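Here's the letter readout for the chains.
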Amino acid sequence: MLSADEARLLDRLALGSSWHAAATTASGQRHTRTRGAGIEFQDFRHYQPGDDPRSIDWTVEARLQQLVVRISRADGHLRLHLLVDISRSMAAGSPDKFAAARKLAAALCYIAVERRDAVGVATFSDTVTSHLPPAAGRPQIFRIFQTLSAATCGGRSRIDRALIDYAGTVRGGGLAVVISDFYQASGSLEGLKYLLYRGLTPAVVQIVAPEELRPDISDEIDLVDIEDPAAPAVRADASTVAAYRANMERSSAELGEFCARNGLSWLRVESSMGFDDLLHACMKAGLLSASG
Amino acid sequence: MDLINPGALWFLVLVAALLLLARSRARPRRTVANLYLWAPPEAADSFQLTLRRLRRHWLLILQAAFMVAVIAALARPVFSPHSRTAVLLVDVSSSMAAREGGTTRIDLARREAQSVLDRLPSSTRVRLMTADAATTDLGEFAAGDAALARALNDIVVTAAAADLPHSVRSARIAGGRSAEIFIVSDHAVALDSEEGVRWLIAGRPAENRAITVLAARRLPARPDDGVVLATIRNYGGAAVDSAVEIIQNGRTLGRQPVRIAARSSTTVHVEVAGIGGTIGARLTDSDALGADDERFTLVDDPAPVRVGVVGTSSFFLEQALATNRSVSVTALGGAALLPDQFDVVVCSGCDVPPANAAATLLIAAPAAFAAAAPLSVSQPAHRLASALDVAGVGGAAAPAAALPPGAEVVLRAGPLPALVAYEQQGRRVADLRMSVDAAGLPLSTAFPVLIDNVIGWLSARGERVTEVLAGNPLRWTLAQGEAGASVSVLGPDGTPREATINGRQLTVASTSQPGVYRIIGTTVGRGFVVNPVTDGESDLSLTPPAPARPPGGVDTERSGTAADITSPLLAIAFGVLVMEWQARHRAAGRL
């Protein structure tokens, strides 16, 4: 999945520090100001229903007759959720978009595991087709790589539904990197919004093929949907390319504007990009940063 | 616009096949990740949709346009700003038979005519007409019709002269106001109007000689012998030595050499013993036009006029008749008059012509004559008054009586008719209403002249034309009783010629061929000759060298009138091909 050179490149990278992880389970290498279940005491607050009873400071209760809980400084363990679209449209393109998605997911997984972050992967088409919950440790890399390797493109795109389904199954926060082409007529913003609602922080990585950005059409041809070959073909020629490209840009811009409004990372990469260019794009979008 | 080669339009089937193939051709299919982004924008209106459709099929449209342009060029379209009817008027007068190298002017004329026909749109209606003494309409054809070419080849030259201005007027009437008239001739003449007229000149100036006059007369002293006079004209620019053969009834009597100076005439006199029948003259050397190298004439019939006298003859009348050597007089006395017994019957003391009489001289015998009065000629142009001098001569006329219908008073004695001429029941009657015994006219020198005129008019001797120019009709008055006869006319080649009889009027109109014609079935004559027209036809130097402008500013050209737009169509096709190539490369992004 990753070559030695690519691994060496990834060793110098880390996930972007602007992301706020929801839950941490072990010591990682990330220091944050976020209050969490860590060792170092930070502050007291009044007990609220639902708080862990073990965090009640009974000394204060005995003295002040008030239930207070101890707030400790979190040690910044990120829970990284890799959501990879494996619908049939991801098989389109030359090179196909799923290869690029898999490469990127693998890179993010490697970085997270090396930083002792928990990382999990889920594949989806019209629903979640496979789910490997986030976990830390090197064995998780291999489990994730195996999941990614075994995945094959198929099914129709229902991104919002798949994201909603996934958000409903996870607990706690984390960074949810959604890697897809985001080709859904009804849009995928509802799914992203639900991720936010469920405490996940989406990062949007749209992967498109070069021929999807710049279609090479001179004569009249019939276009067939890869996910629904039985659907009526659309007749296209050189005169319809401009309208398509405008629609394409409008769709991507809508996604980008949503992410910008919600302070989310968003980037669009081409499936023909080299590994270096892919990482550079992630760094530019704030998804990755140089480790230091 | 018309098509010279309409059959090329069948290639349009290929254009239809191209369109069908394009329509049925399976468009390439491509699998894409989504279709919703490919939905076309809503068209503003049907015009936008049409434009989009045209843009989509622009290459196919250009390819079809290229094929259509090439096919249209193959069809050879011609655009003629002029009418779609034309008249081809071919001069078939005598001069068109002139030799031009190894061909003749009429052959050159046919080639000129055919070249014009080849340039006309095949659907043009062409009326073919010939011009000689008359204008003959040979029918209307399509320009590309093979029958027109055959009719053109079947045109025969005559020995007549052409009246081209008259023929052009006939052509305008036949072809219509908008018809274009093509005149094929060896010379152009001034017309009333040159509008719509195109001259096609065939032939070049040439040297020529012709026998222009041939006459034969019996010698008065020796009627059995005669003299032949032949005039030969040299129309050329150099003197010529030639010879004239004199022929009688097909037998050559002799040959007389002649030398004719340039542009001048020479007359030959030849005495012929035992002259009679048909006399011909022929030039022995050949020149450009052979039709005018021969000429014929008929010698007068020496037989006397048979005159029968009925009733009591007058001394003076007998003397007057006796002095005429061309008359044989027979007194019938009381014998019955038989039909056709005499050419002229003199009926003394008759008021009406006797039965069985042909032409009759009535000599009045009234109970009393009016007082003598000076004679005067009332009809000087009448043959009865020919050379008649009655000045100072008096005569006693019969009392006035009703004149028959159509009667002409030739001579008057004072106010009274003295000599009346008329025709009654197909026979001529001269009514001499004067006394032939009293002093006055009978004693004058005018009386025998008058009697000679009367006999000549009644017998119609010399009145029958025996020589006509080619193209002119022959008209004879048949003898009484021959009105319903079957008269046949044989041409010089022995073939029958059409002859029409209207009452006693015999007309032979088919005289285009020169030579001796025989008439069978009438007693008024045995035949006549047709001679070629030399005036205006034998002078072959009149033909201007092409492309000189004939007198009158006539516009002469040898080209067609329709504009062939094949080349512009081919240029358009090439332009469309370039556009298609550019559009294809632009679409492929290689420009």
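Thresholds, definitions, all that
Residues numbered from 1 in each chain as written. Chains lettered and ligands numbered in written order. Predicted model: local features only at pLDDT ≥ 70, side-chain atom pairs only at ≥ 80, totals over all residues. Heavy atoms only, no water. Helix = DSSP H or I, 4+ residues; strand = E, 2+ residues; numbered from the N terminus. Buried < 20%, exposed > 50% of the residue type's maximum accessible area, 1.4 Å probe, protein only. Contact = heavy atoms within 4.5 Å. Areas by Shrake-Rupley, 256 points an atom, 1.4 Å probe, with all protein chains shown as cover. Buried area = accessible area lost by both parts, 1.4 Å probe. Salt bridge = Lys/Arg side-chain N within 4 Å of Asp/Glu carboxyl O. Polar contact = N/O pair within 3.5 Å; in protein donor to acceptor, adjacent residues only side chain to side chain. Nonpolar A, V, L, I, M, F, W, Y, C, P; charged D, E, K, R; others polar. Pairing = 2+ DSSP bridges. Axes fitted to C-alpha atoms, helices over the stretch in contact; angles between N-to-C directions.

> Summarise the overall build of chain B; cite the residues concerned and give the values.
Broken down by element type, chain B carries nine helices and 35 strands. Burial statistics for chain B: of 591 residues in total, 44% are counted as buried. The contacts of chain B with a sequence gap of at least 6 include a subset with a gap of at least 24, amounting to 67%. When the accessible surface of chain B is summed, it comes to about 28,300 Å², and 56% of that surface belongs to carbon and sulfur atoms.

> Break down the interface of chain B and chain A for me, with residues and values.
Listed as interface residues are 19 residues of chain B and, on the opposing side, 34 residues of chain A. Taken together, both faces of the contact between chain B and chain A bury some 2,500 Å²; the carbon and sulfur share is 61%. On the surface where chain B and chain A come into contact, there are zero salt bridges. The tally of links between chain B and chain A comes to eight residue pairs in polar contact (both at pLDDT 80 or more). Looking at the side of chain B that touches chain A, the elements that each hand over two or more residues are β2 (29-32) and α2 (46-56) of chain B. At four residues, β2 of chain B tops the list of elements feeding residues into the side of chain B that touches chain A. Looking at the side of chain B that touches chain A residue by residue, the class counts come to 11 nonpolar, three polar and five charged. Of the pairings in the sheet, the one linking strand β9 (residues 221-225) of chain A to β2 of chain B comprises four bridges and is parallel in character. Each residue of the ladder has a partner; that of Val224 of chain A, found in β2 of chain B, is Thr31 of chain B.

> Which residues make up the sheet that holds strand β5 (residues 118-124) of chain A, and what values do they have?
Residue and element names in this part refer to chain A. Spatially, β6-β5-β4-β7-β8-β11 is the arrangement adopted by the six strands of the open sheet, whose pairing is mixed. Sheet topology places β6 (128-135) and β11 (265-270) at the edges, where each strand pairs with a single neighbour. With direction set aside, neighbouring strand axes in the sheet form an average angle of 15 degrees. Summarising the sheet, strand β7 (residues 174-180) and strand β8 (residues 200-208) pair through seven bridges and their orientation is parallel. Bridge pairing links Gly174 to Leu200 in β8. Most of the contacts of helix α5 (residues 159-169) go to β6, to which it runs at about 40 degrees, and overall it touches β4 (79-85), β5, β6, β7 and β8. Packed onto the sheet, helix α6 (residues 189-197) meets β4, β7 and β8 and runs at close to 150 degrees relative to β8.

Read these as spatial facts, not as claims about activity.
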